[in-house]
Structure formats: structure tokens, C-alpha cells
Amino acid sequence: MLNGKRILLIVAGGIAAFKSLELIRKLRARGASVRCVLTDAGAKFVTPLSLQALTEDKVYSDMFSLTDESEMGHIQLSRDADLVVVAPATANLLARMAAGMADDLAATVLLATDKPVLAAPAMNVRMWTHAATVANVETLKKRGVIFVGPNDGAMACNEFGPGRMSEPEEIAVAIEAVLGASTGPLAGKRALVTSGPTREAIDPVRYISNHSSGKQGHAIAAALARLGCEVTLVSGPVAVADPPGVKVVRIDSADEMLAACLAAGKLDVAVFAAAVADWKAAKPATAKIKKKAGAPPPALELVPNPDVLATVSKPGAQRPLLVVGFAAETENLVANAIDKRKRKGCDWMVANDVSPATGTFGGERNTVHLVTGEGVEEWPTLAKDEVAGRLADRIARQLGAPRTLKAAE
Ligand code: PMT
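Residues numbered from 1 in each chain as written. Predicted model: local features only at pLDDT ≥ 70, side-chain atom pairs only at ≥ 80, totals over all residues.

Attention now goes to the overall build of the protein. For the protein, the count of helices and strands is 14 helices and 22 strands. Evaluated residue by residue, the protein yields a buried proportion of 45% over its 409 residues. Of the contacts made within the protein by residues no fewer than 6 positions apart, 71% connect residues no fewer than 24 positions apart. (Helix = DSSP H or I, 4+ residues; strand = E, 2+ residues; numbered from the N terminus. Buried ≥ 20, exposed ≤ 12 C-beta atoms within 10 Å, placed from the backbone. Contact = placed C-beta atoms within 7 Å.)

Our next topic: helix H13 (residues 333–344). In this model H13 runs 16 Å from its N-terminal to its C-terminal C-alpha over twelve residues, within 8% of the 16 Å that 1.5 Å per residue would give. Taken together, the buried positions of H13 are occupied by Leu333, Ala337, Lys340, Arg341 and Lys344. One side of H13 carries all its buried residues, which in axial view fall inside an arc of 105°. Next to the buried residues of H13 lie helix H12 (308–313), strand S17 (322–329), strand S18 (348–353) and strand S20 (368–371). After H13 finishes, the residue glycine 345 shows a positive phi value of roughly 80°. (Expected span 1.5 Å × (residues − 1). Arc of directions from axis to C-beta.)

Before going further, it helps to spend a moment on the site of the ligand. Ser213, Gln216, Phe272, Val308 and Leu309 are the nearest of the 30 residues found near the ligand. For the shell around the ligand, the secondary-structure elements that each account for two or more residues are helix H10 (215–226), H12, S17 and H13. Among the elements that take part in the shell around the ligand, S17 stands out by supplying four residues, more than any other. Considering only residue class, the shell around the ligand consists of 13 nonpolar, eleven polar and six charged. (Near = placed C-beta within 6 Å. Nonpolar A, V, L, I, M, F, W, Y, C, P; charged D, E, K, R; others polar.)

Let us now look at helix H11 (residues 254–262). Every α-helical turn comprises 3.6 residues, leaving residues that sit three or four positions apart pointing alike. Of all the positions in H11, only Ala254, Met257, Leu258 and Cys261 are classed as buried. Looking straight down H11, one finds that the buried residues subtend no more than 100° of arc, so they occupy a single side. The inward-facing, buried residues of H11 contact strand S9 (190–195), strand S10 (200–203), strand S12 (230–235), strand S15 (279–281) and H12.

What you tend to see is this: most non-glycine residues have negative phi, and most peptide bonds are trans. For the peptide bond that leads from alanine 87 to proline 88, omega is 0°, which places it in the cis range. Here proline 88 lies in strand S4 (residues 83–89). The omega angle of the peptide bond from glycine 149 to proline 150 is 5°, so this bond is cis rather than trans. Mapped onto the secondary structure, proline 150 falls in the loop between strand S6 (146–147) and strand S7 (151–154). Located in the positive-phi region is glutamate 56, a residue other than glycine, with phi close to 55°. With respect to the helices and strands, the residue glutamate 56 is situated in the loop between helix H2 (48–55) and strand S3 (59–60). A positive phi angle is found at asparagine 332, which is not glycine, with a value near 40°. Tracing the backbone through its elements, the reader meets asparagine 332 in the loop between S17 and H13.

Our next topic: the sheet that holds S20. With mixed pairing, the eight strands of this open sheet are ordered in space as S13-S12-S9-S14-S17-S18-S20-S21. Looking along the sheet, the strands with just one partner apiece sit at the ends: strand S13 (247–250) and strand S21 (376–378). The average angle at which neighbouring strand axes cross in this sheet is 15°, direction not considered. Bridge analysis of S20 against S21 gives three bridges, and the strand direction is antiparallel. (Pairing = 2+ DSSP bridges. Axes fitted to C-alpha atoms, helices over the stretch in contact; angles between N-to-C directions.)

Pairing of S7 with strand S8 (residues 160–164) involves four bridges; the strand directions are antiparallel. Each residue of the ladder has a partner; that of alanine 154, found in S8, is phenylalanine 160. Connecting the antiparallel pair S7 and S8 is a turn made up of five residues, with asparagine 158 showing a positive phi of about 65°.

As summarised here, the arrangement of the six strands in space is S3-S2-S1-S4-S5-S6, forming an open sheet in which the pairing is parallel. In this open sheet, the two edge strands, each paired with only one partner strand, are S3 and S6. Here S4 runs beside strand S5 (residues 117–121); their pairing, made up of four bridges, is parallel. Residue valine 84 lies in a different strand from S5, and its bridge partner there is valine 117.

In this section: the environment of histidine 218. Mapped onto the secondary structure, histidine 218 falls in helix H10. Taking the C-alpha atoms as reference, histidine 218 lies 8.8 Å from alanine 273; in sequence the two are 55 residues apart. Excluding residues within four positions of it along the chain, histidine 218 makes contact with Ser195, Leu233, Val240 and Pro243.

Our focus in this paragraph is the environment of alanine 53. Relative to the elements of secondary structure, alanine 53 occurs in helix H2. Remark: the alpha-carbon pair of alanine 53 and leucine 21, spanning 32 residues in sequence, is separated by 10.0 Å.

Turning our attention to the packing of helix H1 (residues 17–29) against helix H9 (residues 168–183). In the contact formed by H1 and H9, the axes pass within 9 Å of each other and the chain directions differ by 45°. Regarding the angle of H1 to H9, the classification is oblique. Both H1 and H9 take part in a crossing whose hand is right-handed. The residues of H9 that touch H1, namely those facing Lys19, Glu22, Leu23, Lys26 and Leu27, are Pro168, Glu169, Ile171, Ala172 and Ile175. Classifying every residue of the contact of H1 with H9 gives six nonpolar, no polar and four charged. (Parallel < 35°, antiparallel > 145°, perpendicular 65-115°, else oblique. Left-handed = near helix turned anticlockwise from the far one by under 90°.)

Okay, structure coming up:
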């Protein structure tokens, strides 16, 4: 997947710098060449010699080295790569990037580059949640810097929380997603994916929702991005991390999900994996509904939510070329999915067995059938990211093929 790609890896000063060595190994095993810039602080954690041995290339640290400048100027260093990766991206380096500083070779390269930049933050939890870092990350995201992680977990400083650098494999996958964007089979295509549950307010503190974790929808967004697709992910409240290289729009209710989907613009494909609440409270209370002694429980009047999938599936100039729904069923799986495909007007329906024994909601695996206009494909039970990868491959084949979709009758 990374054959022939050139990665410029900037290693800054954090305990996570040791993971950069493993990252280099993984990138080279995937066919990429890696060249390193090491900051002074980074050199306190890993040696130039280790980086040089693993990359089989010179390691750059000094902005004022006459030899380095004559061989490979710092501007050239910033341009002579397909992707600049900052791992670990410390609070200090993120702050200098956000401020546009050029006070060492790493910051100068980042200021001078015209290539995409991917950052893998690593720092103490309080540094990561500090308002200054939050603002710096927001600024960098607005400027197009792509972030992978950080993860939650135990930290070197005996604290716990977000701030651990993503694992080398996660960073390598994120790099594939970013670089696939220009070379994958879905390069130039635009996708919308919905994921997670919706929350329908009953009053300011209570809501109607379901057990969707977002694992399946997020995996689909990541798989499409890996194939080069430009993906917008509209997600309800979930705990899973944002997939790298994907634009994430967060919503709560079905009404907000519909508005976000309609705002996504012209699309090649839309995949509706979210578990949208079918009903919402007719009149959500503006203040907390009080429990009154002796009074019966309040009656909750429900009204239907808009059907996001059916709305986007309506024929018209704005309709995506391929619309894929998910049917969560506990009985008559395939028959119900075939019927749902027709009623909602989508092209494909992924029939999903969500009987409690399957553990599909929130679990790691999924058993699906793909219902198309041509028939029904039975897929084996797979990990959710395998389902996602298979679906993304099918989508790539479909969008690459001449238009042979049979619209749902
Ligand atoms: O999130 P996970 O824990 O990983 O679990 C995955 C999943 C089980 C949530 C997912 O794979 C799945 O099956 N999603 C669809 C759940 C669902 O709402 O199914 P449904 O049969 O009720 O709806 C059919 C389709 O219509 C879905 O594509 C749904 O997004 C869409 N819909 C439903 C109601 C509504 N008001 N608007 C919609 O767009």
C-alpha cells in the first residue's frame, strides 16, 4: 500500500519517541522510504544512530549545518516527501506549529512544507486537555493538519487519560489512509457515512437512544478513506476515536443528522450505518420533568423522526450514485431487509442480525448479508473492520464499473 512513498518523520521529545522506531520498521515493511528529522529534545529519547540504522538514511537535526544545507536544503527536505509525519507530536511542537514559528529544523520544515502533515500527539493528559493545546489543535485542524490519536491509557507520569501516542500500527494505517487519498481506487470520489446512535431529548436531562457504539460505521468511514475516498462521517454520540483522514460532523438528534447529511453536498456514495431513533418526543420539555408524589408517571407522546436514508434515496440530481442502508433485524433477517430496501428506495441493504445473542450492538463482530438488486450475498461472521473493508471493496468495484445498479422497485 505504501510502495514507493516517501515519508518525512519528525521525531520530537517525548517518552513515546521510542515507538517511532517501530513505526519506521512498519512503514518500511509496507514499501515506504523514511527520512527523519530529530529535534534536540527528541535526541534525549532516541539516538540519531538508531534512526539512521532503521531508515538507512541520514538523520537531520541542525538547521545551520553547512554540509546538510549544501546536500539537502531545509526547504527541499520539506518538499521531498509525499507526507510529513510528526510522531510524537509534543505540546511544545504543536504550539510552535500553531504559532508558525521556525526556531529549529523541525518547525522550519513544517512551516515550509507544501505536503500533507499528519500529527500523532503524545503528552501528559493535563497538557492535552489544557485550553492552550485544545486551541492549538483546533487551529492546526482548520489549516488541514490531520491528527491520529491520542489514545486513552496509563501514562509514564503515573496518570491516566487521553495523551498516549497512537500505536505504530494505528499511525501506519492512518498514513495509508492519507496517502491512499491520492492513489486508491476511490480517489476523487466523495462519500457520506452515518454512524452511532441518535439521542432524542425528552427534557434537558433525559433522552431516547440505543446501544449503537459507532464501531461499524466508523470502520466503514476508515475503510473508504483508505481507498482514497473523501469521506464525511456524520456521527451520533460515541466513544470510538475519529477515523484518520475523515471529516467528522457530530450530531445528537435525527433532525440534526438529516440536516448534516443534506449539507454534505454532491456524493458518489452514501452509507447509512447509524442506528437512528425511529421516534422522538412530540414536545420535549424545556425544564426537567419533576416527579410529583402520588402522581402517575407522565405519558410520553412520540412522533416519527424524519427518515434520513429514505430522504437521501429519493430520485433527483442530488441523489448519490450508490446508496447503502443497513437493516438491523432480530427475525426474518433477509426477507425484512429485501422489503426495507424497496421501502427506503436505496440500492443496497446490509442485513444485520442484531438478535441479543449475536452481540452485534457494541460488539467487535458482525454477521451480515448484502442485499443488492442482483441478489443476496451471505457473508461469514467477520470483525467489523473486515465487514467494512469488504463493503468498501464492493463499493469501489461498483463505482468503477459501468452503472448497472437496479434501483429498488
Ligand atoms: O454501532 P455498532 O455498535 O457497531 O453497531 C452497528 C449497528 C448494528 C448499529 C449497524 O451495523 C446497523 O445495523 N445500523 C442500522 C441500525 C438501524 O437503525 O437499522 P433500521 O433497520 O432501524 O434502519 C434501516 C436503515 O434506515 C438504516 O440504514 C438506518 O440508518 C436508516 N434510518 C432509520 C430510521 C430513520 N429515522 N432514519 C434512517 O435513516
